[in-house]
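Examining the three-dimensional arrangement
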Amino acid sequence: IVSAGEKINVIPGLAEAWINHRIHPDDINSDRVVAYDRKVIGDKRVKLKVNMDTYIPPSPVSAPDAETLHYLRATLQTALNVPAVPALMSGNTDTRWYWDLTPNIYRHSAVIFEKQDDAKMFHGLNERIT
């Protein structure tokens, strides 16, 4: 979300941008993400801060060889006749409520991609998964 200025013909004295990141599991805190943003922005005058009210750390990585995953894959193969393939799930909003219950949290996303480019427009016209 970007906000700047009050009139179309006046240069704004202040501009703000809110950036929502999907943090990779290897980035165990926000420091690496902020460092990357600083590098991309390339302007020391720009101030960056992490909103700790909405910050959620990356979810723990679940074991790829757990017995639970074996049963989940077998169930999907039998019930839907589709393979279950491992993938990084970038959405993390709800998993935090399960972190203390189990070391392995598996998500199921029943998505069928017709063409190779379908995954690029996952949420909308201009939002891409990279």
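The structure this text deals with has already been given above.
These notes cover the structure that comes with them. (Residues numbered from 1 in each chain as written. Predicted model: local features only at pLDDT ≥ 70, side-chain atom pairs only at ≥ 80, totals over all residues. Heavy atoms only, no water.)

A closer look at the overall build of the chain
Counting its secondary structure elements, the chain contains 2 helices and 2 strands. Moving toward the C terminus, one meets the helices and strands of the chain in the order β-β-α-α. Taking all 130 residues of the chain together, the buried fraction comes to 10%. Within the chain, contacts between residues at least 6 apart in sequence are counted, and of these 47% link residues at least 24 apart. Of the roughly 11800 Å² of accessible surface on the chain, 56% is carried by carbon and sulfur atoms. (Helix = DSSP H or I, 4+ residues; strand = E, 2+ residues; numbered from the N terminus. Buried < 20%, exposed > 50% of the residue type's maximum accessible area, 1.4 Å probe, protein only. Contact = heavy atoms within 4.5 Å. Areas by Shrake-Rupley, 256 points an atom, 1.4 Å probe, with all protein chains shown as cover.)

Looking at the pattern of salt bridges
Within this structure, the stated rule accounts for 2 salt bridges. We note a salt bridge from Arg 32 to Asp 27, for which the minimum N-O separation is 2.9 Å. Residue Asp 43 pairs with Arg 45 through a salt bridge whose shortest N-O separation is 2.7 Å. Here Asp 43 falls in the partly exposed class, since its relative accessible area comes to 26%. (Salt bridge = Lys/Arg side-chain N within 4 Å of Asp/Glu carboxyl O.)

Focus on the side chain of Asp 27
When you line up the elements, Asp 27 lands in the loop between β2 (15-17) and α1 (31-41). A polar side-chain atom of Asp 27 sits 2.9 Å from a polar atom in the side chain of Arg 32. When sequence neighbours within four positions are dropped, the list of residues in contact with Asp 27 reads Arg 32, Val 33 and Pro 58. (Polar contact = N/O pair within 3.5 Å; in protein donor to acceptor, adjacent residues only side chain to side chain.)

Re the side chain of Ser 59
Within the fold, Ser 59 resides in the loop between α1 and α2 (67-80). Accessibility expressed as a relative area gives 13% for Ser 59, which makes it buried.

A word on a nonpolar patch on the surface
On the surface, Trp 97, Tyr 98 and Leu 101 cluster together to form a nonpolar patch covering roughly 420 Å² of accessible area. As for its position among the elements, Leu 101 is in the segment after α2. (Patch = residues over 30% accessible without salt bridge, like charges linked within 9 Å, V, L, I, M, F, W, Y side chains within 5 Å.)

Quick word on the environment of Val 33
Among the secondary structure elements, Val 33 is positioned in helix α1. Discounting chain neighbours no more than four positions away, the residues touching Val 33 are His 21, Ile 23 and Asp 27.

Brief notes about α2
Between the first and last C-alpha of α2 there are 20 Å, a value that for 14 residues agrees with the 20 Å anticipated at 1.5 Å per step. Phi turns positive, to about 55 degrees, at Asn 81, one or two residues after α2. (Expected span 1.5 Å × (residues − 1).)

Observations regarding the environment of Gly 5
Mapped onto the elements, Gly 5 comes out in the loop between β1 (2-4) and β2. Spatially, the C-alpha atom of Gly 5 lies 9.8 Å from that of Glu 16, the residues being 11 residues apart in sequence. Those residues in contact with Gly 5 that sit more than four places away from it in its chain are Pro 12 and Leu 14.

Details of the environment of Leu 48
Mapping Leu 48 onto the fold places it in the loop between α1 and α2. Overall, Leu 48 belongs to the partly exposed group, its relative accessible area being 26%. In the structure, Leu 48 is positioned 31 residues away from Ala 17 in sequence and 9.6 Å away in space, judged by C-alpha atoms. Those residues within four positions of Leu 48 in sequence are excluded, and the remaining contacts are Val 34, Asp 37, Arg 38 and Ile 41.

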